[in-house]
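Remarks on the overall topology
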Amino acid sequence: MSAPSTIDPRDLRHAFGRFGTGVTVVTTTSEDGQAHGATVSAFTSVSLDPPLAQVTLMRSSKLATLVKDRPFAINVMSLGQLGTCLHFAGKPMKGGPAWGQSATGVPVLAGNAATLECRPWRIYDGGDHLIVIGEVEHLEITPLEPLIFFGGKFHHLGSLVGGTPWEQCGDGHEAGWVTGAAAFGRVPAAV
């Protein structure tokens, strides 16, 4: 058994908040077939092959129980969707959110910067959260600016800082960082 943590949860939340993120609303259907969702900032890409994306959900949330066995969508919020984000964070908006068209039948929101429709792939223990990985079955991308969350507040993207976009990872095999990189193969799936 590990020793109790000496990290103050408020300080830890503040430290996590120093990392700017996008904002998503994860949506699925409830047991009675109704659309259900929650605002989530813990989202990341996992893999291009297979196409995998990850969200981290509070273990105690209704959404965490629903996505275990049913398709879900990761709606990447655009700048104009602040009201929608707040709606799914517990501050209902008058008239409710605008729903869009789904290619796979999962509820999706209208006006997203991007939409990833997923089927459940794996779920892992993440302490007081569940780490949910979905296999992306369909996606939509729009030219809308994403909504950003930083320091406990919503922000817009802002101006370009500079630098050069790249086409490959500087640490990837294609960069030639290790002799014989082409000899490396896929890691077998966990059993």
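Along every chain, residues carry numbers that run from 1 in the direction the sequence is written. Confidence filtering applies because this is a predicted model: local features only for residues at pLDDT of at least 70, side-chain atom pairs given and counted only at 80 or more, and all residues used for totals across whole chains, interfaces and linings. The side-chain quantities take in all heavy atoms of the structure and omit both hydrogens and water.

Here we take up the overall build of the protein chain. A count of helical and extended segments in the protein chain gives 3 helices and 10 strands. Partly exposed describes any residue whose relative accessible area lies between the buried limit of under 20% and the exposed limit of over 50%, with all areas from a 1.4 Å probe on protein chains only and scaled to the type maximum. By residue count, 29% of the 191 residues in the protein chain fall in the buried class. Nonlocal contacts in the protein chain, meaning residues at least 24 apart in sequence, comprise 62% of its contacts between residues at least 6 apart. Total accessible area on the protein chain stands at roughly 12700 Å², and carbon and sulfur atoms take up 59% of it. The numbering of helices and of strands both runs from the N terminus, where a helix is a DSSP run of H or I of at least 4 residues and a strand a run of E of at least 2. Between two residues, a contact is recorded if the distance between any of their heavy atoms is within 4.5 Å. Areas reported here follow the Shrake-Rupley algorithm with a probe of radius 1.4 Å; residue values treat only the protein chains shown as occluding.

Ring geometry is summarised as follows: Phe, Tyr and Trp rings, the Trp one being its six-membered ring, pair when their centres sit within 6.5 Å, and such pairs are stacked at plane angles under 30 degrees, edge-to-face over 60 and tilted between the two. Scanning all chains against the criterion turns up 2 aromatic pairs. Note on Phe 88 and Trp 99: the rings are 6.1 Å apart at their centroids and 85 degrees apart in plane angle, and the pair reads as edge-to-face. Placement of the pair is Phe 88 in the loop between helix H3 (82–87) and strand S7 (114–126) and Trp 99 in the loop between H3 and S7, with a sequence separation of 11 residues. As a reminder, the over-ring test applies to NZ of lysine and CZ of arginine, requiring each to be within 6 Å of the ring centre and within 35 degrees of the ring normal. Lying across the ring of Trp 121, Arg 122 places its NZ or CZ 4.2 Å from the centre.

Strand pairing requires that DSSP identify at least two bridges connecting the strands. Pairing is antiparallel in the open sheet, where 3 strands are placed in the order S1-S9-S10. What marks the edges here is a single partner per strand, and that holds for strand S1 (21–22) and strand S10 (153–155).

Here we come to the nonpolar core. Throughout this description, the term nonpolar core refers to a set of buried Ala, Val, Leu, Ile, Met, Phe, Trp, Tyr and Cys residues connected via side-chain atoms within 4.5 Å. Counting residues in hydrophobic clusters, the biggest one holds 19 residues, and the most contacted among them are Val 55, Leu 57, Phe 72, Ile 74, Leu 116 and Val 132. At the level of elements, strand S3 (35–40), strand S5 (52–58), helix H2 (62–66), strand S6 (72–76), S7 and strand S8 (129–141) are the ones that each hand at least two residues to this core. Once residues within four sequence positions are removed from consideration, Val 55 is found in contact with Val 26, Val 40, Ala 42, Phe 43, Ile 74, Leu 130, Ile 131 and Val 132.

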